[in-house]
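Here's the letter readout for the chains.
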Amino acid sequence: MSAATHTVSTPSAPVKSRPGLRLTLALFLTPVVLWLGLLIVLPHVDLLIMSFRMDPSFGDQGWSLENYHQFFAEPIYWLTFVRTAGYSVLVTLLTFLVSLPVAFYVTKVVARNISRFLLTMLLLPFWVSELVRVYGWMILLRESGVLNHWLTALGVTARPVEMLYNDATMIMGLVYTSMLFMVVPLVSVLESLDDSLIEAACDLGAGPWTIMRTIVVPHCMPGIVSGGIVVFMLTLGNYLTPNLMGGKNSLWFTEQIYNQFIASFNWNQGAAFGFLLLALSSCIIWLGLRLTGQKLSRVVQ
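Residues numbered from 1 in each chain as written. Predicted model: local features only at pLDDT ≥ 70, side-chain atom pairs only at ≥ 80, totals over all residues. Heavy atoms only, no water.

Formally: UniProt positions are given in the numbering used here, feature names are shortened, and annotations may be inferred rather than shown by experiment.
The chain is annotated in an unreviewed UniProt entry as ABC transporter permease from Nitratidesulfovibrio liaohensis. Comment text from UniProt for the chain, heading Subcellular location (unreviewed entry), reads "Cell membrane".

If you want it as structure tokens, here you go:
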């Protein structure tokens, strides 16, 4: 009786990575690492070191917290700091309140071909620089502008009204310049919302506010937090819009940083102010993530 022949299969050896794959990965990562290292990490490290040193004109080259002490010693600095933070949170909230109905209308109300057209119209103003858009608002709102011309022509006002250089106009300009960065994340998450949920809620007698509160907003929370982070950071670090539309009384903290770097040539003080602004934005973003129960790894996807 012949013995049965069995074929024993040996496990295949693990496939080794090819040298070409490693070279491709290295060529891909090298520009990214250089970009992050040379343009972000190294400048910030240098500014951080600079913030702990005194102005060379004082003759003291040692380490010191004097630059940070000056921030708390001068009321104008920390009052402007608090004012900037408060208005940045307000602008973020107003931008969300304006953007959510727009994003819902674009994604859930109109037809798809009209939706694409409306999205293009939203993107169109952002094809030009922020400077041009801000000057466009200034042309509309100044005393000799288009809006004042029609108000006086129709007899609404007897004389032109100064609409620029106040907090309300500045906030309006900040909302306008950052609105797209809230609309895009909201549109992205609303497209994944099942329409049948809204239809079922309507059939059960839920009103628009109830649907918005119980279905739309919870589903959009990652997009809300993602857009809120971007809008808040852009608003907090904005220099152009508060300076042009708010005028000399805007009291925005980025102007204090600009004055230290450019007007006073005190780079050490300016670096300290910059890192205080960075610490403020990080703390408020962390607080926002904790209050909303979101994780940063989820909202940045």
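## Considering the environment of proline 185
Put simply, the test is: Secondary structure is summarised from DSSP: a helix means a run of H or I of at least four residues, a strand means a run of E of at least two, and numbering begins at the N terminus for each. Residue exposure (1.4 Å probe, protein chains only): buried if accessible area is under 20% of the type maximum, exposed if over 50%, otherwise partly exposed. Working rule for contacts: check all heavy atoms of both residues, and any pair within 4.5 Å makes them a contact.
When you line up the elements, proline 185 lands in helix 8 (residues 180–190). On the basis of relative accessible area, proline 185 is assigned to the buried category, the value being 18%. The spacing of proline 185 and isoleucine 257 is 72 residues in sequence and 31 Å in space, taken between C-alpha atoms. If we ignore the near neighbours within four places in the chain, the residues touching proline 185 are Leu180, Gly223 and Gly227.

## Observations regarding the layout of surface pockets
Any empty space left between atoms is shown by rolling a water-sized probe over those atoms. Heads up, the condition is: A cavity here means a set of 1 Å grid points, computed over protein atoms only, where a 1.4 Å probe fits but cannot escape. A pocket is an open set with protein on both sides within 12 Å along at least 5 of 7 lines, and lining residues have an atom within 4 Å of a point. Grid points are joined across faces, edges and corners, and a volume is the space filled by probe spheres set on the points. Basically, the charged four are Asp, Glu, Lys and Arg, the nonpolar ten are Ala, Val, Leu, Ile, Met, Phe, Trp, Tyr, Cys and Pro, and anything else, Gly included, counts as polar.
In this model, the largest pocket occupies a volume close to 470 Å³. Lining the largest pocket are 17 residues; nearest its centre among them are Thr92, Gly228, Ile229, Gly288 and Thr292. If you list the elements that add at least two residues to the lining of the largest pocket, you get helix 3 (75–109), helix 10 (208–236) and helix 13 (267–292). Per-element accounting of the lining of the largest pocket gives the leading share, seven residues, to helix 13. The class makeup of the residues in the lining of the largest pocket is 13 nonpolar, four polar and no charged. In this model, the second largest pocket occupies a volume close to 370 Å³. Taken together, 16 residues make up the lining of the second largest pocket; nearest its centre are His44, Gly237, Gly274, Leu277 and Leu278. Residue assignment for the lining of the second largest pocket shows that the elements contributing at least two residues are helix 1 (19–51), helix 10, helix 12 (253–263) and helix 13. No other element matches helix 13, which puts seven residues into the lining of the second largest pocket. In terms of residue class, the lining of the second largest pocket is built from eleven nonpolar, five polar and no charged.

## Details of the environment of histidine 69
Position of histidine 69 among the secondary structure elements: in helix 2 (residues 66–73). Separated by 200 residues in the primary sequence, histidine 69 and glutamine 269 place their C-alpha atoms 10.0 Å from one another.

## Some thoughts on a nonpolar patch on the surface
The condition is simple: Exposure above 30% relative accessible area and the absence of a salt bridge qualify a residue for a patch, where like charges join within 9 Å and nonpolar side chains (Val, Leu, Ile, Met, Phe, Trp, Tyr) within 5 Å. For the area figures, the Shrake-Rupley method with a 1.4 Å probe applies, and any residue is considered shielded solely by the protein chains shown. A pair is scored as a salt bridge if a Lys or Arg side-chain nitrogen falls within 4 Å of a carboxyl oxygen belonging to Asp or Glu.
Side chains of Val32, Leu34, Trp35, Leu36, Leu38, Leu39, Ile40, Val41, Leu42, Val45, Ile49 and Trp63 sit close together on the surface and give an oily, nonpolar patch of about 1200 Å² of accessible area. By the secondary structure assignment, leucine 38 is in helix 1.

## As for the packing of helix 3 against helix 13
When two helices pack together, their arrangement is given by the angle between their axes and by how far apart the axes lie. Convention followed: An axis is simply a line fitted to the C-alpha atoms; with a helix, the fit covers only the stretch in contact. Between two such axes, the angle follows the N-to-C directions and lies from 0 to 180 degrees. Rotating anticlockwise by less than a right angle from the far helix to the near helix defines a left-handed crossing, while the corresponding clockwise rotation defines a right-handed one.
Relative to each other, helix 3 and helix 13 sit at 35 degrees, their axes nearing to 12 Å. For the crossing formed where helix 3 meets helix 13, the hand is right-handed. Counted together, Tyr77, Phe81 and Ala85 of helix 3 and Phe273, Leu276, Leu277, Leu280 and Ile284 of helix 13 form the full contact between these two elements. The residue makeup of the contact of helix 3 with helix 13, split by class, is eight nonpolar, no polar and no charged.

## Some details on the UniProt feature "transmembrane region" (unreviewed entry) in the chain
The positions UniProt marks with the feature "transmembrane region" (unreviewed entry) are residues 21–42, 85–106, 118–140, 170–190, 220–240 and 271–289. The distance separating the terminal C-alpha atoms of residues 170–190 is 30 Å; by composition the span is 95% helix and 0% strand. Within residues 220–240, the helical portion is 86% and the strand portion 0%, while the C-alpha atoms at the span's ends are 31 Å from each other.

## Things to note about the packing of aromatic side chains
Here is the rule we go by: Any Phe, Tyr or Trp ring, taking Trp's six-membered ring, that has another such ring centre within 6.5 Å forms a pair; planes under 30 degrees apart are called stacked, those over 60 apart edge-to-face, and the others tilted.
Summed over all chains, the structure comprises 13 aromatic pairs. Ring plane angle 85 degrees and centroid distance 5.2 Å describe the contact between phenylalanine 261 and tryptophan 267, whose orientation is recorded as edge-to-face. By way of ring pairs, the aromatic residues Phe71, Phe72, Tyr77, Phe81, Phe253 and Phe273 are connected into one cluster.

## Remarks on the pattern of salt bridges
Two side chains with opposite charge may pair up if their charged atoms get near one another. A full pass over the atoms with the stated rule returns two salt bridges. Residue arginine 83 pairs with aspartate 167 through a salt bridge whose shortest N-O separation is 2.7 Å. Of this pair, arginine 83 sits in helix 3 while aspartate 167 sits in helix 7 (residues 167–178), placing them 84 residues apart in sequence. A relative accessible area of 26% means that aspartate 167 is categorised as partly exposed. Lysine 108 is the partner of aspartate 195 in a salt bridge, and the nearest nitrogen-oxygen pair spans 2.8 Å. Of this pair, aspartate 195 sits in helix 9 (residues 195–203) while lysine 108 sits in helix 3, and the two are 87 residues apart along the sequence. The class of aspartate 195 is partly exposed, set by a relative accessible area of 39%.

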